[in-house]
Amino acid sequence: MKYSLAIFDFDGTLADSFDFFVSVVNRLAAHHGFRPIDTAHLDTVRGYDIKTLLRKVDLPLWKLPQVGNHYKRLMTESIETIRLFDGIGPLLRQLADGGVVLAVVSSNSQDNVRRVLGPDLSALVRHYECGAALLGKRTHLRRVLLHSGIPAHRAIYIGDETRDREAARAEAIDFGAVAWGYATPAALEASGPTCMFESPATIAAALLPDTQSAA
């Protein structure tokens, strides 16, 4: 088994929260004074990396913490509408049963993550590093490595955005990009991931090659 540690992003990787994002993003824009996203051209928006998106909507870095906290509060209020992607539950169970240590690194709150996962899946995750700044996941990845005692070359970070790739690269961790999240597969391919995953079942097949993957 090449990887002993699988670190997952949450929004867009484990949880299908894009519709929620679309429903609230322009409310946040009106409240915090940045330009709204043209929701008629979401495919174009999904091709932007985070720095390009911030520039397009004229959102300065200093406002990111308050916008991010507001977003998390709104999600907490609507948490019952957020669901895991199909196949995520079986995937996490199979990886845990196969001896892979599970972790979550996310800019979302740990409470939101746990509520969407539910008690059974939450208990499978050994390490939570949540509440990361939008551009600050590198430190949280480093903490997971430190607390787990697993070296970087035995870990993989699985996410759906190019900023996830950048954070993984900075800590010398392999990066697996998922094709079903926020960023387009083309944008993720261009970032140079270690591997692309088309479905949760392909993650299981890659991390546990001698085990039949989850359906």
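It should be emphasised that the depicted structure is a prediction, and the values quoted were computed from it without experimental measurement.

(A) Spotlight on the confidence of the model for the protein. Put simply, the protein has an average pLDDT of 91, and 96% of its residues get 70 or more. Across the protein, element-level confidence peaks in strand S1 (residues 5-8) with a mean pLDDT of 98 and bottoms out in helix H2 (residues 42-45) with 84.

(B) Here's a closer look at helix H1 (residues 18-32). With 15 residues, H1 extends 20 Å between its outermost C-alpha atoms, agreeing within 8% with the 21 Å of an ideal straight helix rising 1.5 Å per residue. The largest bend along H1 measures about 35 degrees and falls at Val-24. For H1, the elements touching its buried residues are strand S2 (15-16), H2 and helix H4 (64-77). Positive phi shows up at Gly-33, right after H1, with a value of about 80 degrees.

(C) Structural context of the pattern of salt bridges. All told, the structure shown has eight salt bridges when counted by the stated rule. When the shortest N-O distance is used, the salt bridge between Lys-137 and Asp-9 registers 2.8 Å. Of this pair, Lys-137 sits in helix H7 (residues 137-148) while Asp-9 sits in the loop between S1 and S2; the two residues are 128 residues apart in sequence, bridging distant segments of the chain. With respect to burial, Lys-137 and Asp-9 carry one shared label: buried. Ionic pairing is found between Asp-164 and Lys-137, a salt bridge with its closest N-O pair at 2.8 Å.

(D) How the structure looks around helix H10 (residues 200-207). When we look at burial in H10, the residues that qualify are Pro-200, Ile-203, Ala-204 and Leu-207. Relative to the axis of H10, the buried residues are bounded by an arc of 95 degrees and lie together on one face. Residues of H10 that are buried make contact with S1, helix H5 (88-97), strand S6 (155-159), strand S7 (174-178) and strand S8 (195-197).

(E) Fine view of the packing of H1 against H4. Two elements in contact, H1 and H4, have axes separated by 10 Å at closest approach and are oriented at 135 degrees. Considering the angle they form, H1 stands oblique to H4. Like other packed secondary-structure pairs, H1 and H4 cross with a definite hand, here right-handed. Of the residues in H4, those touching H1 at Phe-20, Phe-21, Val-24, Arg-27, Leu-28, His-31 and His-32 are Gln-66, Val-67, His-70, Tyr-71, Leu-74 and Met-75. The residue makeup of the contact of H1 with H4, split by class, is eight nonpolar, four polar and one charged.

(F) Spotlight on unusual backbone geometry. The backbone of Asp-58 shows a phi angle near 60 degrees, a positive value even though the residue is not glycine. Within the fold, Asp-58 resides in the loop between helix H3 (50-56) and H4. Within the chain, Ala-172 stands out as a residue other than glycine whose phi angle is a positive 60 degrees. Mapped onto the fold, Ala-172 is located in the loop between helix H8 (162-170) and S7.

Conventions and cut-offs
- Residues numbered from 1 in each chain as written.
- Predicted model: local features only at pLDDT ≥ 70, side-chain atom pairs only at ≥ 80, totals over all residues.
- Heavy atoms only, no water.
- pLDDT = per-residue confidence, 0-100.
- Helix = DSSP H or I, 4+ residues; strand = E, 2+ residues; numbered from the N terminus.
- Expected span 1.5 Å × (residues − 1).
- Bend = angle between axes of the 7 residues up to and from the residue.
- Contact = heavy atoms within 4.5 Å.
- Salt bridge = Lys/Arg side-chain N within 4 Å of Asp/Glu carboxyl O.
- Buried < 20%, exposed > 50% of the residue type's maximum accessible area, 1.4 Å probe, protein only.
- Arc of directions from axis to C-beta.
- Axes fitted to C-alpha atoms, helices over the stretch in contact; angles between N-to-C directions.
- Parallel < 35°, antiparallel > 145°, perpendicular 65-115°, else oblique.
- Left-handed = near helix turned anticlockwise from the far one by under 90°.
- Nonpolar A, V, L, I, M, F, W, Y, C, P; charged D, E, K, R; others polar.

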